[in-house]
Amino acid sequence: LSTAADTAATRRPASGDRPEERVKVFVRVRPPKAEGETQGALRIKPDGRGVVVYREHATIPSSDFEFDRVLGPSASQSDVYHAAVKPIVEDVLNGYNGTLMAYGQTGAGKTYSLSSIAADAIGMIPRAAAEIFSHIEQDKVHEYTVYMSYVQLYMELIQDLLRPESENLQIRENEGGVFVGGVHQQEVSNITQCLHLLHLGDRNRTTAFTALNAHSSRSHAVVMLTVIKRRSVAGNGDAEIQRVKVGKLFLVDLAGSERLKKSKSTGLRASEAKSINLSLTTLGMCINARADPNATHVPFRDSKLTRLLQDSLGGNAKTSLLVAACDAHEHVEETLQSLSFGQRAMCVRIQAVVNERVDYRTLHAEMVAALETKDRKSSL
Ligand code: ADP
Ligand code: MG
């Protein structure tokens, strides 16, 4: 009663889905470094949505952008969380897919924003996990199971950061969507366990894979939290078929968006530079295609990253993009590139649906309970 049918997921548009939503884009400008940077390249408009870029000594702005919100150097992790992540976590708890991607050049603040565990600056990943468990604790009506996976994509290889011996995982697809075949999925039941796995993954990221020259700025790190929510069986006597909702949250720390040149300093061969850039380049092409109403083809299949994020980029996920930027004239070209990327992502429409299916496990338990009641009655 449980096996094959159990995976026969149905995806139904939820009532109350707004017909037209789009990817939300947030820009975070990090505080200046102590030395070596000339500030003044960015001006955030008073509405907190516009940002203007000035090249050094220029009196006329180079470009003018508008986003869902621009968070300045004084914005806290909590500010970023409430703007960009909290709404997504709430949706994931209700069976939607959710994605947060951090984009920007190396040093702009992606990892700080996502993964910091400093007591006064806890990042988006621990915050999201904490919120999931606090919600679960308060919800007395549903039963939850949460799984965590943590992978790295480098040179088109998917490496399991929780099982570093698995360094060439493949992407697969079934009725429930795209997933990493054979990836370790650790059941987690509290924030402490999540933090432990994050720490383990980060340690593996910097140690186990250095032989492959997988410097973290050149690889993409993806934390996946799967939240399975089912109605509690206990005390439920009605004959209604129970359903299970599966929400997947992807938290993606992308590789540095700066152009990798094959130079003596990076020691890269041309083929390596190309392979390292492939996923990020393809991400840009997918965003462009998805932003263009006339585009007929989205090249998801051209890279591992875009394949993995196919649901997120294809529209079946509540997606936030966090563009990390710095207000330094030295980096103005990279910053312009990052903001342009974010601007295009503003046009990507989404139509996420609740991933819901009949909960055969619960249904089975209810049938057994009903039969037992019948047996008792008939034996009286
Ligand atoms: P990236 O992951 O984009 O390469 P990091 O997150 O490692 O960049 O940030 C580079 C440096 O800047 C780190 O030392 C980090 O602690 C610091 N930093 C980044 N953003 C902030 C911020 N909003 N507030 C304080 N420090 C920051
Ligand atoms: Mg980083």
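What counts, and where the lines are drawn
- Residues numbered from 1 in each chain as written.
- Chains lettered and ligands numbered in written order.
- Predicted model: local features only at pLDDT ≥ 70, side-chain atom pairs only at ≥ 80, totals over all residues.
- Buried ≥ 20, exposed ≤ 12 C-beta atoms within 10 Å, placed from the backbone.
- Helix = DSSP H or I, 4+ residues; strand = E, 2+ residues; numbered from the N terminus.
- Pairing = 2+ DSSP bridges.
- UniProt positions renumbered as here; feature names shortened; annotations may be inferred.
- Contact = placed C-beta atoms within 7 Å.
- Axes fitted to C-alpha atoms, helices over the stretch in contact; angles between N-to-C directions.
- Expected span 1.5 Å × (residues − 1).
- Bend = angle between axes of the 7 residues up to and from the residue.
- Near = placed C-beta within 6 Å.
- Nonpolar A, V, L, I, M, F, W, Y, C, P; charged D, E, K, R; others polar.

J.: Can you help me understand the pairing of strand S8 (residues 98-103) in this one?
T.: Looking down a regular strand, the side chains alternate between one sheet face and the other. In terms of burial, S8 is a largely internal element, 6 of the 6 residues being buried. Neither face of S8 is left uncovered, since the one carrying Gly98, Leu100 and Ala102 and the one carrying Thr99, Met101 and Tyr103 both have all their residues buried. Bridge count for S8 against strand S15 (residues 243-253) is 5 bridges, and the pairing is parallel. Counted as the bridge partner of Gly98 is Leu249 from S15.

J.: Looking at this model, I keep getting lost on the pairing of strand S3 (residues 24-30). Mind explaining?
T.: Within S3, 7 of the 7 residues are buried, which leaves it mostly tucked inside the rest of the structure. Sheet topology note: the S3/strand S16 (residues 318-326) ladder contains 7 bridges and is parallel. In the strand pairing of S16, Arg30 is matched with Cys326.

J.: Please clarify how the UniProt feature "binding site: ATP" (unreviewed entry) in the chain should be interpreted in this entry.
T.: On the UniProt side, "binding site: ATP" (unreviewed entry) is annotated at positions that read Gly104, Gln105, Thr106, Gly107, Ala108, Gly109, Lys110 and Thr111 here. Tracing the backbone through its elements, the reader meets Thr106 in the loop between S8 and helix H3 (110-115). Overall, the presence of 16 C-beta atoms within 10 Å leaves Thr106 in the partly exposed class. Residues within four places of Thr106 in sequence aside, it is in contact with Ser217, Gly256 and Glu258.

J.: Can you help me understand the sheet that holds strand S5 (residues 50-53) in this one?
T.: Whether parallel or antiparallel, the strands of a sheet pair through hydrogen bonds between backbone atoms. Read from one edge to the other, the open sheet built from 3 strands follows the order S4-S5-S6, with strand pairing classed as antiparallel. Both outer strands of the open sheet, strand S4 (42-44) and strand S6 (63-66), are each paired with one neighbouring strand and no more. Along the sheet, successive strands turn relative to each other by an average axial angle of 20°, direction set aside. The pairing of S5 with S6 spans 4 bridges and is antiparallel. In the sheet register, Val53 faces S6, and the bridge partner there is Ser63. Strands S5 and S6 of the sheet are contacted by helix H9 (residues 332-345), whose axis makes an angle of about 150° with S5.

J.: I keep staring at helix H6 (residues 270-291) and nothing clicks. Help me out?
T.: Along an α-helix, residues three or four positions apart point the same way, because every turn accommodates 3.6 residues. Here H6 spans 30 Å end to end across 22 residues, near enough to the 32 Å set by a 1.5 Å rise per residue. Largest kink in H6: about 45°, centred on Leu278. All buried positions along H6 are accounted for by Ile276, Ser279, Leu280, Thr282, Leu283, Cys286, Ile287 and Arg290. Buried residues along H6 sit in contact with strand S9 (142-154), strand S14 (220-231), helix H7 (304-308), helix H8 (310-314) and H9.

J.: Help me out: how do you make sense of the site of ligand 1 in this one?
T.: With respect to spatial proximity, 13 residues lie near ligand 1, and among them Arg30, Gly109, Lys110, Thr111 and Tyr112 are the closest. Considering every element that reaches the shell around ligand 1, the biggest residue donor is H3, with 3 residues. By residue class, the composition of the shell around ligand 1 is 4 nonpolar, 7 polar and 2 charged.

J.: I tried to follow unusual backbone geometry on my own but got confused; where do I start?
T.: With the exception of glycine, the majority of residues adopt a negative phi angle, and the majority of peptide bonds are in the trans configuration. Backbone geometry places His57, a non-glycine residue, at a positive phi of 70°. Along the chain, His57 turns up in the loop between S5 and S6. Judged by the 7 C-beta atoms lying within 10 Å of it, His57 is exposed. At Glu156, a residue that is not glycine, the phi angle is positive and equals roughly 65°. For Glu156, the position within the fold is in the loop between S9 and strand S10 (157-160).

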